[in-house]
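Residues per chain are reported as follows:
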Amino acid sequence: MRFPEPMTVDGLKRYMDRRFLTKRGFRRELKRELQRFATKDDLKRFATKDDLKRFATKDDLKALATKDELNGLRRMMLALHHETVDQIRELRRDLLYIVDNHERRITDLETGPRV
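Parameters at a glance
- Numbering of residues starts from 1 in every chain and runs along the sequence as written.
- This being a predicted model, a pLDDT of at least 70 is required before a residue's local features are given, and a value of 80 or more before pairs of side-chain atoms are given or counted; all residues contribute to the totals for chains, interfaces and linings.
- As a rule here, side-chain values cover all heavy atoms of the structure and leave hydrogens and water aside.
- Working definition: helices are DSSP H or I runs of at least four residues, strands are E runs of at least two. Numbering for both runs from the N terminus.
- Each residue gets one of three labels from its accessible area relative to the maximum for its type: buried under 20%, exposed over 50%, partly exposed in between, using a 1.4 Å probe on protein chains only.
- Each accessible area is a Shrake-Rupley result for a 1.4 Å probe, and residues are judged covered by the shown protein chains and nothing else.
- Whenever a carboxyl oxygen of Asp or Glu lies within 4 Å of a side-chain nitrogen of Lys or Arg, that contact is scored as a salt bridge.
- Per residue, pLDDT captures the predictor's confidence, and it can take any value from 0 to 100.
- Each patch groups residues whose relative accessible area exceeds 30% and which form no salt bridge, using 9 Å between like charges and 5 Å between nonpolar side chains of Val, Leu, Ile, Met, Phe, Trp and Tyr.

**Student:** If you had to explain the overall build of the chain to someone new, which residues and values would you point to?
**Tutor:** Tallying secondary structure elements over the chain gives six helices and zero strands in all. Counting from the amino terminus, the chain carries its helices and strands in the arrangement α-α-α-α-α-α. Evaluated residue by residue, the chain yields a buried proportion of 3% over its 115 residues. Carbon and sulfur atoms make up 59% of the accessible area of the chain, which totals about 12300 Å².

In structure tokens, the structure reads:
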């Protein structure tokens, strides 16, 4: 098996992209490529400083709920969670009772008195 011969500097230069041979050329091409993407004017259309000021600030959030209110909400959610878990356990117990009772009735019918 023959391997290709190593590339010479001249060969490398022939295959390299000419725009990237100098830092200045690289920067110029990079700038051209970046201009295809969003410009500052494009970004200004999306959100201005006034638009951003319309969003909620820390003071707005403080006015909505205090730590005590949030803790109360947390306690209420925890109580609801425990209540839901208890109801699920109760339903499970009831369903298991129904299934066991159903299986017992089927077994009784299958092994019932044969005439």
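So much for the structure itself; the text now carries on.
**Student:** Which residues make up the pattern of salt bridges, and what are the values?
**Tutor:** Counted by the stated rule, this structure contains one salt bridge. With its nearest N and O atoms 3.9 Å apart, the salt bridge here joins R89 to D86. Placement of both R89 and D86 in helix α6 (residues 67-110) is noted, with a separation of three residues, approximately one turn of the helix. According to the relative accessible area criterion, D86 is partly exposed, its value standing at 46%.

**Student:** Tell me about the confidence of the model for the chain, and please be specific about residues and values.
**Tutor:** Summary statistics for the chain give a mean pLDDT of 79 and a share of 80% for residues scoring 70 or more. Per-residue pLDDT, averaged within each element of the chain, yields its smallest value for helix α1 (residues 9-15) (69) and its largest for α6 (92).

**Student:** Requested: an account of a nonpolar patch on the surface, with residues and values cited.
**Tutor:** Taken together, the side chains of L70, L73, M76, M77 and L80 present a nonpolar region at the surface, about 470 Å² in accessible area. Within the element layout of this structure, L73 appears in helix α6.

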